[in-house]
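# Summary of the model geometry
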Amino acid sequence: MKPIWERLNVEQLLTEVVAWLPRLLSAVAVFVVFWVILRVTRPALARILPRAGFDRALGDMLFNVYRFTILTFGVIMAVNQLGVNVAAALAGLGVVGLTIGFAAKDTLSNIMAGFLIFWDKPFHTDDWVTLGENYGKVAKITMRTTRLLTWNNTLVIIPNETIINQVLVNHSTNGRTRVDVPVTAAVNGDMSPKREAILQAVRTVDGVLNDPPPAVVIKAINPASVELIIQAWISNAQQQRPVSFQILEAAKPAIDGHS
C-alpha cells in the first residue's frame, strides 16, 4: 500500500482550498461585523437599561440575552457563507434542543421562575430578605438561581423555583423596619420602673430611631415571670440583626437591676 502522501492529489487539494478560501474569509468577515455591532452597541445598552428603570439584575440578564442573540446570528450568517444548509442545521438543532429540554426540565423551570421574579419584583439586588430559613442580602439574581450573602459572609445559592414556591419576607421594601426583641423578666409588682429602665437602655443603642420611639409591651404573664417584647425602629434593614443583639445586651442590666 502506498503512503498517504503519495495517494493525495496535491494539485486538486490546493485547487479546492483556493476555491474555498474566499468563502472562509467571507464567513470570518460576516462574524466580525456582528462582533463589532455588539461592541459598539454594548455601552449604549448599558446606559439605556438603567435609565429605563430596569433593575440591575434584570438589565444584566437582558444584556446576556442580547449578546447571545447577536453572536448566534453572527455564527448562523457566517456558516451560511460557507455553504452549509442553515435551515437543515437549525431543524436538527431543534430536535436536539427538544431532547435536551426534556432532560433539563428542572433547569428550565428555574429559568422560567427567574423571569417571574424579574416580572413580579418581590425583591431587588442589595435587599435584605428572609427566604425560608435563610436570611441575608440579595447579592445576585441570575436566570437560574438567587444568591444571598449572609451575615457570616456565606453565599447561599437558592434555585428560583424554590423561591417562588415559599414564603418570602423582604425587610428592605418599606425603608424603616421595626425590630422585635423578646425578653423575660421576673414578676415583682409595678412594671413601670422596669419598663422605663429598659427604654432608657434601648435609646442608647446605635441605630435605634427616636421617631417612632421604642416601646416595651407585655406578651404574656406567667406565674413567676413576664414575657416582654422590646420594639425599636431602625432606618436600614441591614442593621436588623446587629441592633437586635445590641438591644438584648443593653436590656439585660436594666432587667437585672429591677428584678
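Because the structure is a prediction, the values reported are computed rather than measured. (Residues numbered from 1 in each chain as written. Predicted model: local features only at pLDDT ≥ 70, side-chain atom pairs only at ≥ 80, totals over all residues. Heavy atoms only, no water.)

The subject of this paragraph is the overall build of the protein chain. Scanning the protein chain from terminus to terminus reveals eight helices and eight strands. For the protein chain, long-range pairs separated by at least 24 residues make up 62% of all intrachain contacts whose partners lie at least 6 apart in sequence. Of the accessible surface of the protein chain, which amounts to about 16,600 Å², a share of 62% is contributed by carbon and sulfur atoms. (Helix = DSSP H or I, 4+ residues; strand = E, 2+ residues; numbered from the N terminus. Contact = heavy atoms within 4.5 Å. Areas by Shrake-Rupley, 256 points an atom, 1.4 Å probe, with all protein chains shown as cover.)

Across the sheet, which stays open at both edges, the five strands sit in the order 4-3-2-1-5 with antiparallel pairing between neighbours. Lying at the two open borders of the sheet, with one neighbouring strand each, are strand 4 (155-159) and strand 5 (168-170). Across the sheet, the mean angle separating the axes of adjacent strands is 40° when strand polarity is ignored. Sheet analysis places strand 1 (residues 128-131) next to strand 5, joined by three bridges and oriented antiparallel. Across the sheet, the residue bridging to Leu131 is Leu168, located in strand 5. (Pairing = 2+ DSSP bridges. Axes fitted to C-alpha atoms, helices over the stretch in contact; angles between N-to-C directions.)

The sheet contact formed by strand 7 (residues 215-221) and strand 8 (residues 225-234) spans six bridges and is antiparallel. Opposite Ala215, over in strand 8, you have Gln231 as the bridge partner. Counting the residues in the hairpin turn of strand 7 and strand 8 gives three residues.

A word on the pairing of strand 8. Among the 10 residues of strand 8, eight are classified as buried, and the element is accordingly described as predominantly covered. Of the strand pairs in this sheet, strand 6 (residues 177-186) and strand 8 are connected by 10 bridges, and their pairing is antiparallel. For Ala186, the partnering residue across the bridge sits in strand 8 and is Ser225. (Buried < 20%, exposed > 50% of the residue type's maximum accessible area, 1.4 Å probe, protein only.)

If you look at the biggest cluster of nonpolar residues, it comprises 24 residues, and the most contacted ones within it are Ile198, Val202, Val208, Leu228, Ile230 and Ile247. If you list the elements that add at least two residues to this core, you get strand 6, helix 7 (192-203), strand 8 and helix 8 (240-256). The residues contacting Val208, other than those within four sequence positions of it, are Val202, Ala232, Trp233, Val243 and Ile247. (Core = buried A, V, L, I, M, F, W, Y, C linked by side-chain atoms within 4.5 Å.)

Given a rise of 1.5 Å per residue, 12 residues ought to cover 16 Å, and the 16 Å separating the end C-alpha atoms of helix 7 matches this to within 8%. For helix 7, the set of buried residues is Lys194, Ala197, Ile198, Leu199, Ala201 and Val202. At its buried positions, helix 7 is contacted by strand 6, strand 7, strand 8 and helix 8. (Expected span 1.5 Å × (residues − 1).)

The end-to-end C-alpha distance of helix 8 is 24 Å, a good match for the 24 Å that 17 residues give at a rise of 1.5 Å each. Those residues of helix 8 lying buried are Gln240, Val243, Ser244, Ile247, Ala250, Ala251, Ala254 and Ile255. Against the buried residues of helix 8 lie strand 2 (134-141), strand 6, helix 7 and strand 8.

Spatially, the three strands line up as an open sheet ordered 6-8-7, and their pairing is antiparallel. Looking at which strands have only one partner, the edges of the open sheet turn out to be strand 6 and strand 7. On average, each strand axis in the sheet is tilted by 25° relative to the strand beside it, whichever way the strands run. Here helix 7 sits on the sheet and contacts strand 6, strand 7 and strand 8; the angle it forms with strand 7, its principal contact strand, is near 135°. The sheet strands contacting helix 8 are strand 6 and strand 8, and the helix crosses strand 6 at an angle near 30°.

Tracing the chain through its elements places Asp127 in the loop between helix 5 (105-120) and strand 1. Polar side-chain contacts of Asp127 include one of 3.2 Å to the side chain of Asn170. The residues contacting Asp127, other than those within four sequence positions of it, are Gly136, Lys137, Val138, Asn170 and Ser172. (Polar contact = N/O pair within 3.5 Å; in protein donor to acceptor, adjacent residues only side chain to side chain.)

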